[in-house]
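Now for the letters of each chain:
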Amino acid sequence: MLTIGLTGGIGSGKSTVAQILGEFGATVLDADKVAHTTYAPGGPAYDAVIAAFGAQVVAPDRTIDRKKLGAIVFGNPERLNKLTSIVWPATRESIRRNVSELRASGAELPIVVEAAILIEANWQSLFDEIWLVRAPREQVVGRIEIQRGLKPSESEARIRAQLSDEERAKHASLVIENNGSLEELRNLLKEVWADVLKRNG
Ligand code: ATP
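Chains are numbered independently. Their residues run from 1 in the order of the written sequence. This being a predicted model, a pLDDT of at least 70 is required before a residue's local features are given, and a value of 80 or more before pairs of side-chain atoms are given or counted; all residues contribute to the totals for chains, interfaces and linings. Excluding hydrogens and water, the side-chain values take into account all heavy atoms of the structure.

1. Examining the pattern of salt bridges
Short version of the rule: The working definition used for a salt bridge is a side-chain nitrogen of Lys or Arg within 4 Å of a carboxyl oxygen of Asp or Glu.
Across all of its chains, the model carries nine salt bridges by this definition. Notably, a salt bridge pairs Lys170 with Glu167, separated by 3.0 Å at the nearest N-O pair. Because the salt bridges share partners, they merge into one network encompassing Glu120, Asp165 and Arg168.

Below you can see the structure in the form of structure tokens.
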């Protein structure tokens, strides 16, 4: 059965799509959550993150203080690269292991891995299919404003800092256009899901 990588820009609707596919029966993994486990105490990236950024990022309870780490790498491409060069490979390996354990335990329906940075991190080879969630810019900006209270100019700046949808689409086997209501999205996903089950026996 398939392993599907689900990607898309900020506020495109990845989590919403992942949640609906989960309701349809997919097993859903969130790459962000997996990433956090890699630098939890005892995780494969824990020591390397401390070696790279110093004891200042370690909280009294030994966890890595994500706010402090974020402040250190924010706006500094060199430090950000350092962090991603540690965390992305560890996350990739963790996702690969999780997926193979799910298969070994008999998961039969598709596994969906939600990963905003799937293309940037070059994880394509982990997946049988890559699905891109895309929404018109003005809808994304409006949805982020409602969801997180970000001003349109802040959302625009974040969108500009990302890979473009045009670039993402080059790697996608399916594009989910999230340009209508939530009900329309659910109906579209019903069709997509029925099709994927049919295609894969
Ligand atoms: P991020 O990468 O920034 O976490 P995301 O791609 O996971 O975002 P979601 O969190 O799924 O995006 O969606 C962003 C916001 O837009 C949420 O508040 C969600 O409820 C809303 N939303 C998503 N799709 C629709 C839709 N079709 N109609 C109305 N609201 C939507």
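2. Description of the packing of helix α3 (residues 46–53) against helix α5 (residues 77–104)
Our working definition: Here an angle of 0 to 180 degrees is reported between the N-to-C directions of two axes, which are lines fitted to C-alpha atoms, with helices fitted over the stretch in contact. Only runs of H or I of at least four residues qualify as helices and only runs of E of at least two qualify as strands under DSSP, and these elements are numbered from the N terminus. Should an angle fall under 35 degrees it is taken as roughly parallel, and over 145 as roughly antiparallel, whereas 65 to 115 is taken as roughly perpendicular and any remaining angle as oblique. The hand of a helix crossing depends on one turn: near helix anticlockwise from the far one by less than a right angle means left-handed, and clockwise means right-handed. Two residues form a contact once any of their heavy atoms are found within 4.5 Å. Residue polarity follows a fixed list, in which Ala, Val, Leu, Ile, Met, Phe, Trp, Tyr, Cys and Pro are nonpolar, Asp, Glu, Lys and Arg are charged, and the others, Gly among them, are polar.
Closest axis-to-axis distance for the α3/α5 pair is 9 Å, and the angle between their directions is 165°. When the interaxial angle is binned, α3 and α5 end up roughly antiparallel. In terms of crossing hand, the pair formed by α3 and α5 is right-handed. Every residue of α5 that contacts α3 at Ala48, Val49, Ala52 and Phe53 is listed here: Arg79, Lys82, Leu83, Ile86 and Val87. Its residues placed into classes, the contact of α3 with α5 shows seven nonpolar, no polar and two charged.

3. Quick word on the environment of Asn76
Operational definition: Think of it in three bands: with a 1.4 Å probe and only protein chains considered, a residue is buried below 20% of the maximum accessible area for its type, exposed above 50%, and partly exposed in between.
For Asn76, the location among the structural elements is in the loop between α4 (66–73) and α5. For Asn76, a relative accessible area of 22% translates into the label partly exposed. Residues Asn76 and Glu177, spaced 101 residues apart in sequence, show a C-alpha to C-alpha distance of 33 Å.

4. Observations concerning the domain arrangement of the protein
What counts here: Where each domain begins and ends is defined by an automated method or by a domain database. The term buried area denotes the loss of accessible surface (1.4 Å probe radius) that occurs when two parts are joined, taken as the sum for both partners. Here a polar contact is recorded for every N or O atom pair within 3.5 Å, except that within protein the pair must consist of a potential hydrogen donor and a potential acceptor, and residues adjacent in sequence are included only if both atoms are side-chain atoms.
Parsing the protein into structural domains produces domain 1 (1–26 + 109–201) and domain 2 (34–96). The straight-line distance from the C-alpha centre of domain 1 to that of domain 2 is 25 Å. Counting from both sides, the interface comprises seven residues of domain 1 and, opposite them, five residues of domain 2. For the pair domain 1 and domain 2, the two sides together bury roughly 610 Å², of which 80% comes from carbon and sulfur. Joining domain 1 to domain 2, the criterion identifies zero salt bridges. In this assembly, domain 1 and domain 2 are joined by one residue pair in polar contact (both at pLDDT 80 or more). Across the side of domain 1 that touches domain 2, the residue classes tally to five nonpolar, one polar and one charged.

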